Amino acid sequence: LGVPAASAQEEARAFRFQLGLTLVSGMSDLEDKIVANNPAFSAITISPIGLSVVFSYRVATDWAVAGSIGPIVVGTGDASFTIVPVGLTARYDIARGDGGTPYVRLGVEQAIANGDFVENGSAGGVAALGYEFGDGKRGGWGMELAYRSAKVDVPGRTAALKKTAQPYKGSLTVYWAF
């Protein structure tokens, strides 16, 4: 007598790992503010595609909590820098099915900046809508549209010239779930 034990496959799916490529908007805002604060600066390449990683744990049938890193953005040229958002989110699966699952994801993230012409800014919210293809037991792949409000600071020659940029306004991620 007692509660039947969960299968090894079900327990393994309680923890998930996602690896994705993310196209972000807002890089031109960041580049414009770097150039405005540093007029002699001209050569910069900022990749609008970054790597994203999510570790999640399913706490109920339709709910999961997750920690995320990315999308990681790298700037190169006359100056170099990296910006790495780190976040905590909750995901709600709207309707689970054999073919896929539409979901919403909400949370907070902090963009950690390192390198030339960027500094850590303010934390912000994350709101996303996505669809994951597959049955959730063997893994799958998905797509997600997100709005992010975290900001980074672009220092100027004086404190009064400091500007704030929002490098991750909108994003589109294609990911693989394991």
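The structure displayed is predicted, hence computed values, not measured ones.

Student: Just checking my understanding: could you explain the overall build of the protein chain for this structure?
Tutor: Within the protein chain one finds two helices and 13 strands. When burial is assessed residue by residue, the protein chain has 39% of its 178 residues classed as buried. Long-range pairs, those at least 24 residues apart, make up 62% of the contacts in the protein chain with a sequence separation of at least 6.

Student: Help me understand the environment of proline 167, please; the structure alone is not making it clear to me.
Tutor: Checked against the element boundaries, proline 167 lands in the loop between strand 12 (163-165) and strand 13 (170-177). Residues proline 167 and glutamate 31, 136 residues apart in the sequence, show an inter-C-alpha distance of 9.1 Å. Contacts of proline 167, omitting those with residues within four sequence positions, involve Val24, Ser25, Gly26, Met27, Leu30, Ile83, Ala150 and Val152.

Student: Could you clarify how one ought to interpret the sheet that holds strand 8 (residues 119-120) in this entry?
Tutor: Two orientations exist for strands paired in a sheet by backbone hydrogen bonds: parallel and antiparallel. Pairing is antiparallel across the open sheet formed by three strands, whose spatial order is 8-11-12. Across the chains shown, the open sheet's two edge strands, defined by having one partner strand only, are strand 8 and strand 12. Where helix 2 (residues 27-37) meets the sheet, its contacts fall on strand 11 (152-154) and strand 12, and the angle it forms with strand 12 comes to roughly 160°.

Student: Is there a simple way to explain the nonpolar core in this structure?
Tutor: The biggest cluster of nonpolar side chains holds 17 residues, and the ones touching the most others in it are Leu30, Ile34, Ile46, Phe81, Ile83 and Val152. Contributing elements (two or more residues each) for this core: helix 2, strand 2 (44-46), strand 6 (81-93), strand 7 (100-115) and strand 11. Top element by residues in this core is helix 2. It accounts for three residues. Leaving out residues up to four positions away in the same chain, phenylalanine 81 has contacts with Leu30, Ile34, Ile44, Ile46, Val73, Val74, Gly75, Asn114, Gly115, Asp116 and Val118.

Student: I would appreciate a short explanation of the pattern of salt bridges in the present structure.
Tutor: If charged atoms from side chains of opposite charge come close, those side chains can pair. Counted under the stated rule, the structure contains nine salt bridges. The partner of arginine 96 in a salt bridge is aspartate 93, with the nearest N and O atoms 2.7 Å apart. Aspartate 93 gets classed as buried once you look at its relative accessible area, which sits at 0%. Residue lysine 162 is joined to aspartate 153 by a salt bridge in which the shortest nitrogen-to-oxygen separation is 3.9 Å. With a relative accessible area of 15%, aspartate 153 lands in the buried category. Salt bridges here are not isolated pairs; linked through shared partners, they connect Arg16, Arg58, Arg91, Asp93, Arg96 and Glu132.

Student: Is there a simple way to think about the side chain of threonine 101 in this case?
Tutor: In this fold, threonine 101 is placed in strand 7. In this structure, threonine 101 is in contact with Arg91, Asp93, Ala95, Arg96, Gly130, Tyr131 and Glu132, ignoring residues within four places of it in sequence.

Student: Looking at this model, I keep getting lost on the pairing of strand 13. Mind explaining?
Tutor: Walk down a regular strand and you will see the side chains alternate between the two sheet faces. Here strand 13 shows a clear split, with Ser171, Thr173, Tyr175 and Ala177 buried on one side and none of Gly170, Leu172, Val174 and Trp176 buried on the other. In the sheet, strand 1 (residues 15-24) pairs with strand 13 via seven bridges, with the strands oriented antiparallel. When the sheet's bridge partners are listed, glycine 20 is paired in strand 13 with tyrosine 175. Alignment of strand 10 (residues 140-148) against strand 13, held across eight bridges, turns out to be antiparallel. Across the sheet, residue glycine 142 finds its bridge partner in strand 13, namely tyrosine 175.

Student: How should the packing of aromatic side chains be read in this particular structure?
Tutor: Applying the stated rule across the entire model yields six aromatic pairs. When the centroid spacing of 4.7 Å and the interplanar angle of 50° are considered together, the rings of phenylalanine 15 and tyrosine 57 count as tilted. Of the two residues, phenylalanine 15 is situated in strand 1 and tyrosine 57 in strand 3 (residues 49-58); the sequence distance between them amounts to 42 residues. Members of the aromatic cluster, each reached through a chain of ring pairs, are Phe17, Phe55 and Phe178. Geometry around tyrosine 103 places arginine 91 over its ring, the cationic atom sitting 3.9 Å from the centre.

Each value, and the rule that gives it
- Sequence order sets the numbering: in each chain, residues are counted from 1 along the sequence as written.
- The predicted nature of this model means local features are confined to residues of pLDDT at least 70 and side-chain atom pairs, given and counted, to a pLDDT of 80 or more, with totals for whole chains, interfaces and linings taken over all residues.
- Excluded from the side-chain calculation are hydrogens and water; included are all heavy atoms of the structure.
- Under the DSSP-based scheme used, a helix requires at least four consecutive residues in state H or I and a strand at least two consecutive residues in state E, with every element numbered from the N terminus.
- Exposure classes here rest on a 1.4 Å probe applied to the protein chains alone. A residue is buried below 20% of its type maximum, exposed above 50%, and partly exposed in between.
- Residues are treated as being in contact if the distance between any of their heavy atoms lies within 4.5 Å.
- Pairing between strands is defined by DSSP: at least two bridges between the two strands are required.
- A fitted line through C-alpha atoms represents every axis, and for helices the fit uses only the stretch in contact; the resulting angles, taken between N-to-C directions, go from 0 to 180 degrees.
- To define a nonpolar core, start from buried Ala, Val, Leu, Ile, Met, Phe, Trp, Tyr and Cys residues and group those joined through side-chain atoms within 4.5 Å.
- Should a side-chain nitrogen of Lys or Arg be within 4 Å of a carboxyl oxygen of Asp or Glu, the pair is scored as a salt bridge.
- Any Phe, Tyr or Trp ring, taking Trp's six-membered ring, that has another such ring centre within 6.5 Å forms a pair; planes under 30 degrees apart are called stacked, those over 60 apart edge-to-face, and the others tilted.
- Should the NZ of a Lys or the CZ of an Arg lie within 6 Å of a ring centre and within 35 degrees of the ring normal, that charge is described as sitting over the ring.

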